[in-house]
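Results of the structural survey
Below, each chain spelled out in residue letters.
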Amino acid sequence: MSQSLDIHKLLKSVVAYKSSDLHLVSRSEPQIRIDGRLVALNLPVLDGKQIEEMAYSLLTEKQKKAFEEYNELDFSIVIPDVGRFRANYYKTMDDIACAFRIIPTIIPSLDDLNAKKIFKELIKREKGLILVTGPTGSGKSTTLAAMLNEINLNEARHIITVEDPVEFVHNNKKCLFSHRNIGTDTKSFSAALKYALRQDPDVILIGEMRDRETIAAALTAAETGHLVFGTLHTNSAPSTINRIIDVFSGDEQPQVRAQLSTSLIAVIAQALLPKIGGGRIAAQEVMITNPAIANLIREDKVHQLYSQMQLNQQVTGMTTQTQEIVDYLRKKMISKDIAMQYSNKPDELQRVIDAM
């Protein structure tokens, strides 16, 4: 049996077990992630040579050269009759290792995700910046894909996505999609954004706002009449604002705060929590820019954003992560241990739990 067939069988197991990821690391049996937890498959321990043969069977010559030069490689791949995967190859103790994540081929709707009603209002905006944040594996890409899908169903717009690699591939319904892969279709996020403004987009998705140039270009695009979606690895709305501002030098920060105060539409910070009985559920903190929020950002009073988010929520549509988690606890959807483990304000959560 060829090694290339083995990797296909392993990727099929990801689908069969309804898992999200497959890990191949030498000196370990293959492992998959189910509902956020790693589970070892009942298979022999792999060595570096076996992993290399399986891994290389999926690569083009160009990809092999890129991996051998940088010891890192991101790409996406479609396995016929199995699914689409995002892959990352890296080195550990001089052996190749692989992480594969399944990308659903059927793009969920906002209704499928039980998303908040406010999301459908946010995506109707003509211009501005919407950020979906959270740690790796928190469902950011899925939330963004559902938001773009909603636009695709209802509006005729040109949507450019810049990703490393492209994950969800949208079929053109009412919208026209231009999907761009870093490395093969464009050199970098910042380069793609620089030229995107000449490609007549209405909507731009930035897979990751990871450096100053990309963030600056995203802010400019949002200011100049485009609806921009982006992601960051931050776990709360206020920390997202701090992360963006801190990327810039001290003399640039007042200007960036001014730009953010006028162009930021919303920050959705999310985590995926394991549910009692299996599966996972998204806890989403939502901050929406209103005049009070904009003023706090402009005046460098980020520490006051959280208390502002708690005010008048029936009107503003905002919510905190603690409120989401407490709601799930009351509905007995998650355990207290999970609630505390995933909370970004455990002291506040503990006080609420004690008072329940």
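Scroll up to find the structure.
Residues numbered from 1 in each chain as written. Predicted model: local features only at pLDDT ≥ 70, side-chain atom pairs only at ≥ 80, totals over all residues. Heavy atoms only, no water.

1. With respect to the pairing of strand β8 (residues 158-163)
- Counting buried residues along β8, 6 of its 6 residues qualify, which places the element largely inside the surrounding structure.
- Residues of β8 alternate between two faces, with H158, I160 and V162 on one and I159, T161 and E163 on the opposite face, all of them buried.
- Pairing geometry for β8 and strand β9 (residues 176-181), over 6 bridges, is parallel. If you follow T161 over to β9, its bridge partner there is H179. (Buried < 20%, exposed > 50% of the residue type's maximum accessible area, 1.4 Å probe, protein only. Helix = DSSP H or I, 4+ residues; strand = E, 2+ residues; numbered from the N terminus. Pairing = 2+ DSSP bridges.)

2. Topic: the packing of aromatic side chains
- Counted by the stated rule, this structure contains 3 aromatic pairs.
- Pairing F67 with Y89 gives two aromatic rings, centres 6.1 Å apart and planes at 85°, and the pair type is edge-to-face. With F67 in helix α3 (residues 61-70) and Y89 in strand β5 (residues 83-92), the pair connects residues that are 22 residues apart, well separated along the chain. Pair check on accessibility: F67 and Y89 agree, each one buried.
- For the pair Y89 and F100, a centre-to-centre distance of 6.1 Å together with 75° between the ring planes defines the contact as edge-to-face. You can see Y89 sitting in strand β5 and its partner F100 sitting in strand β6 (residues 95-103), a full 11 residues away along the chain.
- Using a relative accessible area of 1% as the deciding quantity, one classes F100 as buried.
- Through pairs of rings, three or more aromatic residues link up here, namely F67, F75, Y89 and F100.
- Over the ring of Y306 we find K345, and its NZ or CZ is 4.5 Å from the ring centre. (Phe/Tyr/Trp six-rings, centres within 6.5 Å; stacked < 30°, edge-to-face > 60°. Lys NZ or Arg CZ within 6 Å of the ring centre and 35° of its normal.)

3. Describing the sheet that holds strand β11 (residues 227-232)
- One open sheet holds the 7 strands; their spatial order is β9-β8-β10-β11-β7-β12-β13, and the pairing between them is mixed. Looking at the sheet topology across the chains shown, the edges are occupied by β9 and β13 (280-288). Neighbour-to-neighbour, the strand axes of the sheet open up by a mean angle of 15°, direction not taken into account.
- Bridge analysis of β8 against strand β10 (residues 203-206) gives 4 bridges, and the strand direction is parallel. Residue pairing across strands places I159 opposite V203, the latter belonging to β10. (Axes fitted to C-alpha atoms, helices over the stretch in contact; angles between N-to-C directions.)

4. Topic: the pattern of salt bridges
- Using the criterion set out here, one finds 15 salt bridges in the structure.
- One salt bridge in this structure joins R157 and E155, with 3.5 Å as the shortest N-O distance.
- Note on R157: relative accessible area 7%, which makes it buried.
- The structure contains a network of salt bridges with shared partners spanning E126, E155 and R157. (Salt bridge = Lys/Arg side-chain N within 4 Å of Asp/Glu carboxyl O.)

5. With respect to the sheet that holds strand β2 (residues 31-34)
- Taken in spatial order, the 6 strands line up as β3-β2-β1-β6-β5-β4 in an open sheet, and their pairing is antiparallel. The open sheet has two free edges, formed respectively by β3 (37-40) and β4 (72-79), since each of these has just one partner strand. Along the sheet, successive strands turn relative to each other by an average axial angle of 25°, direction set aside.
- Two strands pair when backbone bridges link them, and β4 and β5 are joined in this way by 8 bridges, in the antiparallel orientation. For S76, the partnering residue across the bridge sits in β5 and is R86.
- Of the strands in this sheet, β4, β5 and β6 touch α3, which is tilted by about 150° from β4. (Contact = heavy atoms within 4.5 Å.)

6. Observations concerning the packing of helix α9 (residues 253-263) against helix α10 (residues 291-298)
- Here α9 crosses α10 at 170°, and the two axes come no closer than 8 Å. Classed by the angle they form, the pair α9 and α10 counts as roughly antiparallel. On α10, the residues that touch R257, L260 and S261 of α9 are A294, I297 and R298.
- Here the residues of the contact of α9 with α10 are counted per class, giving 3 nonpolar, 1 polar and 2 charged. (Parallel < 35°, antiparallel > 145°, perpendicular 65-115°, else oblique. Nonpolar A, V, L, I, M, F, W, Y, C, P; charged D, E, K, R; others polar.)

7. Some words on the environment of L129
- When you line up the elements, L129 lands in strand β7 (residues 128-133).
- Separated by 15 residues in sequence, L129 and L144 place their C-alpha atoms 13 Å apart.
- The contact partners of L129, leaving out residues within four places of it in the chain, are L219, A222, V228, L260, S263, L264, I265 and A266.

8. With respect to the nonpolar core
- Within the largest apolar cluster, 60 residues are counted, with the highest numbers of intra-cluster contacts made by M147, I151, F229, I241, L260, L264 and M287.
- With 6 residues, helix α7 (residues 212-223) is the largest single contributor of residues to this core.
- Residues L10, V14, I32 and I96 belong to the second largest nonpolar core, which totals 27 residues. (Core = buried A, V, L, I, M, F, W, Y, C linked by side-chain atoms within 4.5 Å.)

Just geometry here; none of it tells us what the structure is for.
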